[in-house]
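As a plain string of letters, each chain reads:
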Amino acid sequence: MNVGRPSFEDDFGGAYLLVEPGQFNLGDEVGSGHPNESPVKTVEITEPFFLGVRPVTQAQWGSIMGSNPSKFQDGWISGLRPVESISYNDIELFLERVNEIKNEFIGFRGVWRLPSEAEWEYVAKAGTSTRWSFGNKDSELDAHGWHAGNSGATTREVGVKKANPWGFYDMHGLVYEITSDSWESSHKNHHGTQVPVSANIVSSIVAKGGSWFTESDSTRASSRRKLGSNERKDGVGMRLLWEPVEPID
């Protein structure tokens, strides 16, 4: 996969890159992770999708919702920082509004949604099996992500650090990113597809990627945390996925 693959931009300056089907191992492949990252499960990504190159910014959220819940709004560049202090339920309303505005790109009608945990980790690993997409040494993390050791106790602008091998920024650190999966305490019952693991009542969901206030271990590609569906934290944000559904006549 290379960065020259199909892409598009939305009306708010967000860029989206095609993620092609493939196979990967969900979970901790190195053996140094938390028990909730095991057992390792082989997952088939069968349907292509377009994922945001960067997390959703405060400017984009504010344009859609008419308000900005984020804690870190100081400075003229705050609009380029990731939106945070949002819950899974807040995102449901955001997605409803985004889908009403525009859902046609590159000759297809589609739907905006959150990535599943499997889709998110597939992109975060970007064809690798190491702790991070850049390798196993946390000494190299500073060049790729914002975390407790280099953030200065605040969020930063999106897309400043190095991209991963597939061209996506901020997959390691900055803000946790909410997925569409219900929380399970392990991968034991994962079904091996890109479809989210969902319960009838979603009380807790999976967030991925670590944040500006977490230590390096939490920013690993397979790391995951439990978050209540109504819970808002200043280190939790989101990344948009657009799924093509049908060609435009």
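This one's a predicted model, so the numbers in the text were calculated from it and none came from an experiment. (Residues numbered from 1 in each chain as written. Predicted model: local features only at pLDDT ≥ 70, side-chain atom pairs only at ≥ 80, totals over all residues. Heavy atoms only, no water.)

**A word on the pattern of salt bridges**
Part 1 of the argument: Applying the stated criterion to the full structure yields 16 salt bridges.
Part 2 of the argument: Between glutamate 29 and lysine 125 there is a salt bridge, with its nearest N and O atoms 3.1 Å apart. Within this pair, whereas glutamate 29 is found in the loop between strand 3 (22-26) and strand 4 (41-45), its partner lysine 125 is found in helix 3 (residues 117-125), the two being separated by 96 residues in sequence.
Part 3 of the argument: A residue is classified by how much of its surface remains accessible, and glutamate 29, at 29% relative accessible area, is partly exposed.
Part 4 of the argument: For the salt bridge of glutamate 117 with arginine 224, the shortest nitrogen-to-oxygen distance reads 2.7 Å. Here arginine 224 lies in strand 10 (residues 224-228) and glutamate 117 lies in helix 3, a separation of 107 residues in the sequence.
Part 5 of the argument: One continuous salt-bridge network, built from bridges that share partners, spans Glu29, Glu117, Glu121, Lys125, Lys208 and Arg224. (Salt bridge = Lys/Arg side-chain N within 4 Å of Asp/Glu carboxyl O. Helix = DSSP H or I, 4+ residues; strand = E, 2+ residues; numbered from the N terminus. Buried < 20%, exposed > 50% of the residue type's maximum accessible area, 1.4 Å probe, protein only.)

**Re helix 3**
Part 1 of the argument: Buried residues dominate helix 3, accounting for nine of its nine residues.
Part 2 of the argument: For helix 3, the complete set of buried residues consists of Glu117, Ala118, Glu119, Trp120, Glu121, Tyr122, Val123, Ala124 and Lys125.
Part 3 of the argument: A positive backbone phi angle near 50° is found at alanine 126, which sits one or two residues after helix 3.

**Some thoughts on the sheet that holds strand 10**
Part 1 of the argument: Taken together, the four strands give an open sheet; going across it, the order is 10-9-8-11, and neighbouring strands pair in mixed fashion. Either end of the sheet is taken by a strand with one partner, and the two such strands are strand 10 and strand 11 (236-237).
Part 2 of the argument: Bridge count between strand 9 (residues 204-208) and strand 10: five bridges; the pairing is antiparallel. Directly across from valine 206, in strand 10, lies its bridge partner lysine 226. (Pairing = 2+ DSSP bridges.)

**What about the side chain of lysine 125?**
Part 1 of the argument: When its relative accessible area of 3% is taken as the criterion, lysine 125 is described as buried.
Part 2 of the argument: For lysine 125, the side chain forms a polar contact with the main-chain oxygen of glycine 27, separated by 2.7 Å.
Part 3 of the argument: Once you skip the residues sitting within four places of it in the chain, lysine 125 turns out to touch Phe24, Asn25, Leu26, Gly27, Glu29, Ser133, Ala221 and Ser222. (Polar contact = N/O pair within 3.5 Å; in protein donor to acceptor, adjacent residues only side chain to side chain. Contact = heavy atoms within 4.5 Å.)

**Some remarks on unusual backbone geometry**
Part 1 of the argument: Looking along the chain, the bond that leaves serine 38 and enters proline 39 is cis, with omega of -10°.
Part 2 of the argument: Here proline 39 is to be found in the loop between strand 3 and strand 4.
Part 3 of the argument: In this structure, isoleucine 106 takes a positive phi of about 45° despite not being glycine.
Part 4 of the argument: Note on placement: isoleucine 106 falls in the loop between strand 6 (104-105) and strand 7 (108-113).
Part 5 of the argument: According to the relative accessible area criterion, isoleucine 106 is partly exposed, its value standing at 46%.

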